[in-house]
Amino acid sequence: RVRRMSSAMAPARPGDEHRGAVPQAASMPDAALIEGAEDGAQRVLFRRVSSKSSGVQELDSGEALLQVMIKLGEAGKAGPEEAVVVTGATEAQCFMGVNHAIENRAGVNLMLMRWDGAPKKVLIVEKSSDTVRYDEGEPVGRLCHETVTILERICRYCHFTLKLAVLVEDRVKRELPTCRFLSTLDDPGEEDDQGPRTAMPSTELDRRETLRRNLGSVDFCLAVGHDGAVVQCAGLFERAVPPVLPLALHHQGIMSRVRHDAAEAMLAEVVSQGFHLGMRIRLRCEFYSFKTGEVQVIHALNDLVIDRGPSPFLTSVECYCNDRLITLVQGDGLIIATPTGSTAYSQAAGGAMVHPDVPCVLFTPLNPHSLSFRPLVLPNSVTLRMQLTPTARSVAWVCFDGRHRQPLGQGDSLIVTVAHWPVPIIQTSKEDWVDGCNAFLSSMVRDFVARFKLRPAL
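Residues numbered from 1 in each chain as written. Predicted model: local features only at pLDDT ≥ 70, side-chain atom pairs only at ≥ 80, totals over all residues. Heavy atoms only, no water.

Chemist: Got a minute to help me understand the overall build of the protein chain in this structure?
Modeler: When helices and strands are counted, the protein chain shows 12 helices and 28 strands. Counting all 458 residues of the protein chain, 52% fall into the buried class. Within the protein chain, contacts between residues separated by at least 24 positions form 69% of all contacts whose residues are at least 6 apart in sequence. Taken as a whole, the protein chain presents about 22,500 Å² of accessible surface, with 53% of it coming from carbon and sulfur. (Helix = DSSP H or I, 4+ residues; strand = E, 2+ residues; numbered from the N terminus. Buried < 20%, exposed > 50% of the residue type's maximum accessible area, 1.4 Å probe, protein only. Contact = heavy atoms within 4.5 Å. Areas by Shrake-Rupley, 256 points an atom, 1.4 Å probe, with all protein chains shown as cover.)

This is the structure in structure tokens:
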């Protein structure tokens with residue numbers, strides 16, 4: 001049986017005043033629903049809603065998923081015989097629902113996703129370790145012959161076999177001249193409610209609107225390469241992110257456990273049979289510039305790093321947690337990482353490796369000039385604020401997932417919270433995060449330990 005629910009406005013979290021007003025809930029009947037299975041797993045069905053329907057706002061699959069997550073814990077308590085239909089949600093409610101579902105470990109591990117109606121568009125993002133050559137500022141020969149062959153095979157399978165519209169980046173389309181069916185993120189599309197769109201965007205505002213429209217119509221994403229492809233894919237979306245399927249191109253990573261030679265079988269399973277989904281939290285970073293007065297919002301899936309850059313002096317940064325001073329960082333810098341980024345730079349700097357199901361934020365120093373400064377693990381509800389001390393001898397530098405590098409000067413501040421919109425990762429039911437860590441990091445163990453083969457649990 002199906003029980004209809006209506007969402008109410010949730011109270012704002014502490015620290016939301018600097019984000020602006022929380023948007024009102026949008027009515028979206030029958031956009032997504034949860035149903036129980038015989039094995040106790042919870043299945044989420046997506047239903048595409050036409051924007052031409054009266055009084056209905058079309059939401060992409062990622063946003064529909066987050067609206068369902070609000071009632072996920074309640075549906076698990078009610079039992080598998082009851083299903084819940086969510087008719088609308090606000091940002092704050094989505095955030096609270098995702099946190100509640102992540103804390104409910106059993107509900108997340110048993111969550112099986114299915115489409116109510118076949119998906120129509122896939123976004124393929126490529127990031128491999130191929131060399132880059134530049135000719136007059138333009139990348140030339142970006143991909144090797146093997147990578148081009150693999151991408152061409154996957155694109156043709158998605159278009160001709162699965163009947164999906166394939167969306168790629170412009171540089172990838174230039175490398176695949178034989179695949180004329182590919183569309184880029186800057187393509188205006190064929191038509192909309194106002195008629196056909198044939199002109200390419202001319203201004204920056206038009207380009208952003210075209211990018212937002214194209215990304216909003218994506219049903220799921222395919223990150224081809226290594227774990228960095230997932231980070232690059234998540235960086236394209238400012239709010240809700242569709243489900244992301246990582247594919248290993250040359251070598252496997254912690255998230256990219258499916259090799260490219262098994263892409264066809266995995267894609268057929270995702271489109272027809274459904275898939276298991278894991279939620280990866282990401283950081284919402286607000287950079288306040290004192291000189292210009294501008295506020296820049298950047299999302300990071302792995303981490304943000306504050307370092308001293310080319311300066312020979314130590315960084316001197318004040319760190320606050322919920323407006324309370326944690327410490328004064330004096331050293332090479334600081335890393336604020338998510339559980340996903342705990343196996344990256346933070347782990348190399350001595351931070352803890354945290355399972356992605358643990359809702360937390362890692363606070364890892366870089367070579368601190370102190371004997372008592374140790375890595376910290378903070379709850380995901382905190383609000384962190386970093387700024388230079390008045391006695392700092394030079395500016396610090398900050399980067400987000402290895403990108404958007406910029407100086408942090410006197411008067412500037414950086415506010416970090418957990419984003420309302422996590423990144424849903426399509427996972428294989430046979431492998432877990434521990435398997436990825438053993439496979440990806442096993443080369444770092446000593447030789448006599450590497451000779452022993454890990455036995456599966458009984």
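Chemist: Looking at this structure, how should I read the pattern of salt bridges?
Modeler: Side-chain pairing between opposite charges can occur once the charged atoms of the two side chains come close. Within this structure, the stated rule accounts for 10 salt bridges. Ionic pairing is found between Arg171 and Glu169, a salt bridge with its closest N-O pair at 3.4 Å. Accessibility assignment for this pair places Arg171 and Glu169 in one class, buried. Look at the salt bridges and you will find they share partners, linking Glu126, Glu169 and Arg171 into a network. (Salt bridge = Lys/Arg side-chain N within 4 Å of Asp/Glu carboxyl O.)

Chemist: Can you help me understand the packing of aromatic side chains in this one?
Modeler: A ring pair, where both rings are aromatic, is described by two values, the distance of the centres and the angle of the planes. Applying the stated rule across the entire model yields four aromatic pairs. With a centroid separation of 5.9 Å and an interplanar angle of 55 degrees, the aromatic rings of Trp115 and Phe275 are classed as tilted. Of this pair, Trp115 sits in strand 5 (residues 111-116) while Phe275 sits in strand 16 (residues 275-280), and the two are 160 residues apart along the sequence. Like Phe275, Trp115 is buried. A centroid spacing of 6.1 Å and a plane angle of 35 degrees characterise the contact between Phe363 and Phe373, whose relative ring orientation is tilted. Of the two residues, Phe363 sits in strand 22 (residues 360-368) while Phe373 sits in the loop between strand 22 and strand 23 (376-379), which places them 10 residues apart along the sequence. Among the residues examined, Phe363 registers a relative accessible area of 0% and is labelled buried. For Phe373, a relative accessible area of 10% corresponds to the buried category. (Phe/Tyr/Trp six-rings, centres within 6.5 Å; stacked < 30°, edge-to-face > 60°.)

Chemist: Help me out: how do you make sense of helix 9 (residues 263-273) in this one?
Modeler: Turning to helix 9, its buried residues number three or more, namely Ala263, Met266, Leu267, Val270 and Val271. Viewed end-on, helix 9 has its buried residues packed into an arc of 125 degrees, placing them on one side of the element. Relative to its buried face, helix 9 has exposed residues pointing more than 90 degrees away, namely Ala265, Ser272 and Gln273. Within two residues after helix 9, Gly274 carries a phi angle of roughly 110 degrees, on the positive side. (Arc of directions from axis to C-beta.)

Chemist: Sorry, what's going on with the environment of Arg213 here?
Modeler: Summarising the element assignment, Arg213 is placed in helix 7 (residues 204-216). Put simply, Arg213 and Pro188 are 25 residues apart on the chain and 8.8 Å apart in space, counted from C-alpha to C-alpha.

Chemist: I tried to follow unusual backbone geometry on my own but got confused; where do I start?
Modeler: Glycine aside, residues mostly have negative phi, and peptide bonds are mostly found in the trans state. One non-glycine residue, Lys163, adopts positive backbone phi at about 60 degrees. The residue Asn322 is not glycine, and still its phi comes out positive at about 55 degrees. Following the sequence through the fold, Asn322 ends up in the loop between strand 20 (315-321) and strand 21 (324-337). On the accessibility criterion, Asn322 (44% relative accessible area) is partly exposed.

Chemist: Please clarify how the environment of His420 should be interpreted in this entry.
Modeler: Locating His420 in the fold gives a position in the loop between strand 27 (413-418) and strand 28 (423-427). Owing to a relative accessible area of 9%, His420 belongs among the buried residues under this scheme. For the pair His420 and Ile281, spaced 139 residues apart in the sequence, the C-alpha separation amounts to 8.5 Å.

Chemist: Sorry if this is basic, but what is going on with the confidence of the model for the protein chain here?
Modeler: Detailed reading of predicted coordinates is not advised where the pLDDT is low. With 65% of its residues at a pLDDT of 70 or more, the protein chain has an overall mean of 74. Across residues 191-197, confidence stays below pLDDT 50; counting only partners more than four residues off in sequence or on other chains, it has 11 contacts. For the stretch residues 446-450, pLDDT sits under 50, and the model shows one contact to residues farther than four places along the chain or on other chains. (pLDDT = per-residue confidence, 0-100.)

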